[in-house]
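In case you want the letters, here they are:
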Number of protein chains: 4
Amino acid sequence: MVGYSDDKDAVLKRMRRVEGQVRGITRMVESETYCIDVLTQISAATRALQAVAMELLGEHLSHCVKQAVEDGGPDGDAKIAEARAAIERLVRS
Amino acid sequence: MVGYSDDKDAVLKRMRRVEGQVRGITRMVESETYCIDVLTQISAATRALQAVAMELLGEHLSHCVKQAVEDGGPDGDAKIAEARAAIERLVRS
Amino acid sequence: MVGYSDDKDAVLKRMRRVEGQVRGITRMVESETYCIDVLTQISAATRALQAVAMELLGEHLSHCVKQAVEDGGPDGDAKIAEARAAIERLVRS
Amino acid sequence: MVGYSDDKDAVLKRMRRVEGQVRGITRMVESETYCIDVLTQISAATRALQAVAMELLGEHLSHCVKQAVEDGGPDGDAKIAEARAAIERLVRS
């Protein structure tokens, strides 16, 4: 079980939209679209990717981390340490 | 002419790598890969997109904005105002 | 008890350094320091603030959220929802 | 002359507000304010610092970079390269 099991269809739908956005950006570059218009689409795709990340991270906290803490033992602390590292990567990316 | 004309092949190569990364993320979600591993790949794809944006923006300043300022007249200021707005979108995304 | 109780002295030390950085930026503006040098210091102060935020958020997960989940009941879910919202604000700022 | 000369008073006013925000965060930590409330204020201070950075960078492009390009010679390209590096630092911070 992964944290996003209940959300999987919605996450896949969002990811396919991001794929479409990214392919669209490649086509814009191929056809030499004006720089600023390409940048606007890159900003939009970046925001869409970050929104998926927020969803996955949130569901991970609500399910995987919560479950590990409820189960007791060292795995709860390990899952929290792992989530902290993932949050730092997201904030920096 | 666009600012990234000289760089077009390199930018396309980078964008195709980003496309591959994003498709890889979709497949990870389809096969229910562990949340944290998906997040790591989203962070990597986001950084790759931002790197393309930095390249396009930089070339836009070095070519399109520079040219408009050299040509004189109101177009230089318009191009600078447009670039400022694009930078704000990138910093916020 | 707050999540950063054990870390309080270290957090305060970091915040006093950020205060010094921010006052330094004000003085740079007062004395009309070259724009790019001011921007470099703003980037450094922003990174320092984000590092404090990462520390506080991490300790909050490791202590407050963990404790609420261990205690059982609806407060665990409420604390997780609150942390998710805080992470979104940090990623966007 | 610096790019923000005309804006200096407004920039100083904003920086003094950021100083107040940062001192407020230190006091919140001293009095052991709830973690999430401290994080909310750090997000606000970070956004305020980034807004000052956007203003300084924008005025730098509109004045210093523009002037160097208009003057002709290698200094225009040097100023653009320097601005590109500053933008990268801001996007990453």
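Check the entry above for the structure.
A. Molecular detail of empty space enclosed by the protein. Taken as a whole and assessed by the stated rule, the structure comprises 2 cavities of 30 Å³ or more. Reported here for the largest cavity is a volume of approximately 90 Å³. Taken together, Leu61(B), Val65(B), Lys66(B), Val69(B), Ile80(B), Ala83(B), Leu61(D), Val65(D), Lys66(D), Val69(D), Ile80(D) and Ala83(D) form the lining of the largest cavity. Among the elements of the structure, helix H2 (35-71) and helix H3 (74-92) of chain B together with helix H2 (35-71) and helix H3 (74-92) of chain D are those that each provide at least two residues to the lining of the largest cavity.

B. Local environment of the layout of surface pockets. If you add up the space inside the largest pocket, you get close to 930 Å³. Every residue lining the largest pocket is counted, 35 residues in all, and those nearest its centre are Val91(A), Val91(C), Ser93(C), Val91(D) and Ser93(D). For the lining of the largest pocket, the class distribution of residues is 15 nonpolar, 8 polar and 12 charged.

C. Molecular detail of the interface of chain B and chain A. With 46 residues of chain B in contact, the opposing surface of chain A contributes 46 residues. In this assembly, chain B packs against chain A so that about 4,200 Å² is buried in total across both faces, 71% of it on carbon and sulfur atoms. Taken as a group, Val29(B), Cys35(B) and Leu39(B) account for 13% of the area that chain B buries against chain A, more than any other trio of residues on that side. Taken together, chain B and chain A are joined by 4 salt bridges. With a shortest N-O distance of 3.2 Å, Glu32(A) and Lys8(B) are connected by a salt bridge. Our enumeration of links across chain B and chain A arrives at 16 residue pairs in polar contact (both at pLDDT 80 or more). Every element with two or more residues in the side of chain B that touches chain A is listed here: helix H1 (8-30), H2 and H3 of chain B. Per-element accounting of the side of chain B that touches chain A gives the leading share, 18 residues, to H2(B). Of the residues assigned to the side of chain B that touches chain A, the class counts are 26 nonpolar, 10 polar and 10 charged.

D. A look at helix H3 (residues 74-92) of chain A. Relative to the 27 Å expected for 19 residues at 1.5 Å per residue, H3(A) spans 28 Å between its end C-alpha atoms, a close match to the ideal helical length. Of all the positions in H3(A), only Gly76(A), Lys79(A), Ile80(A), Ala83(A), Ala86(A), Ile87(A), Leu90(A) and Val91(A) are classed as buried. Angular distribution of buried residues about the axis of H3(A) spans 135°; they occupy a single face of the element. For H3(A), exposure combined with an orientation more than 90 degrees from the buried face picks out Pro74(A) and Arg92(A). At its buried positions, H3(A) is contacted by helix H2 (35-71) of chain A, H2 of chain B together with helix H2 (35-71) and helix H3 (74-92) of chain C.

E. Structural detail: the relation of the copies chain B and chain A. Superposing chain B onto chain A requires a rotation of 180° together with a translation of 0.0 Å along the rotation axis, leaving an RMSD of 0.0 Å. Accordingly, the operation relating the two chain copies is best matched by a two-fold axis. Of every C-alpha in chain B, the one belonging to Thr46(B) sits nearest the axis of rotation, 3.0 Å from it. Comparing interface residues between copies, 100% of those in chain B also lie at the interface in chain A; the contact surface is shared.

F. Region of interest: the packing of H2(A) against H3(B). It is the contact of H2(A) with H3(B), at a shortest axis distance of 9 Å, that shows an interaxial angle of 15°. With respect to each other, H2(A) and H3(B) are oriented roughly parallel. Considering the relative orientation of H2(A) and H3(B), their crossing is left-handed. Residues Ile36(A), Leu39(A), Thr40(A) and Ser43(A) of H2(A) form the contact with H3(B), whose participating residues are Glu82(B), Ala83(B), Ala86(B), Arg89(B) and Leu90(B). Grouping the constituent residues of the contact of H2(A) with H3(B) by class yields 5 nonpolar, 2 polar and 2 charged.

So, how was this worked out
Residues numbered from 1 in each chain as written. Chains lettered and ligands numbered in written order. Predicted model: local features only at pLDDT ≥ 70, side-chain atom pairs only at ≥ 80, totals over all residues. Heavy atoms only, no water. 1 Å grid on protein atoms, 1.4 Å probe; cavity = no way out; pocket = protein on both sides within 12 Å on 5 of 7 lines; lining within 4 Å. Points joined across faces, edges and corners; volume = space filled by probe spheres on them. Helix = DSSP H or I, 4+ residues; strand = E, 2+ residues; numbered from the N terminus. Nonpolar A, V, L, I, M, F, W, Y, C, P; charged D, E, K, R; others polar. Contact = heavy atoms within 4.5 Å. Buried area = accessible area lost by both parts, 1.4 Å probe. Salt bridge = Lys/Arg side-chain N within 4 Å of Asp/Glu carboxyl O. Polar contact = N/O pair within 3.5 Å; in protein donor to acceptor, adjacent residues only side chain to side chain. Expected span 1.5 Å × (residues − 1). Buried < 20%, exposed > 50% of the residue type's maximum accessible area, 1.4 Å probe, protein only. Arc of directions from axis to C-beta. Least-squares fit on C-alpha atoms with pLDDT ≥ 70 in both. Axes fitted to C-alpha atoms, helices over the stretch in contact; angles between N-to-C directions. Parallel < 35°, antiparallel > 145°, perpendicular 65-115°, else oblique. Left-handed = near helix turned anticlockwise from the far one by under 90°.

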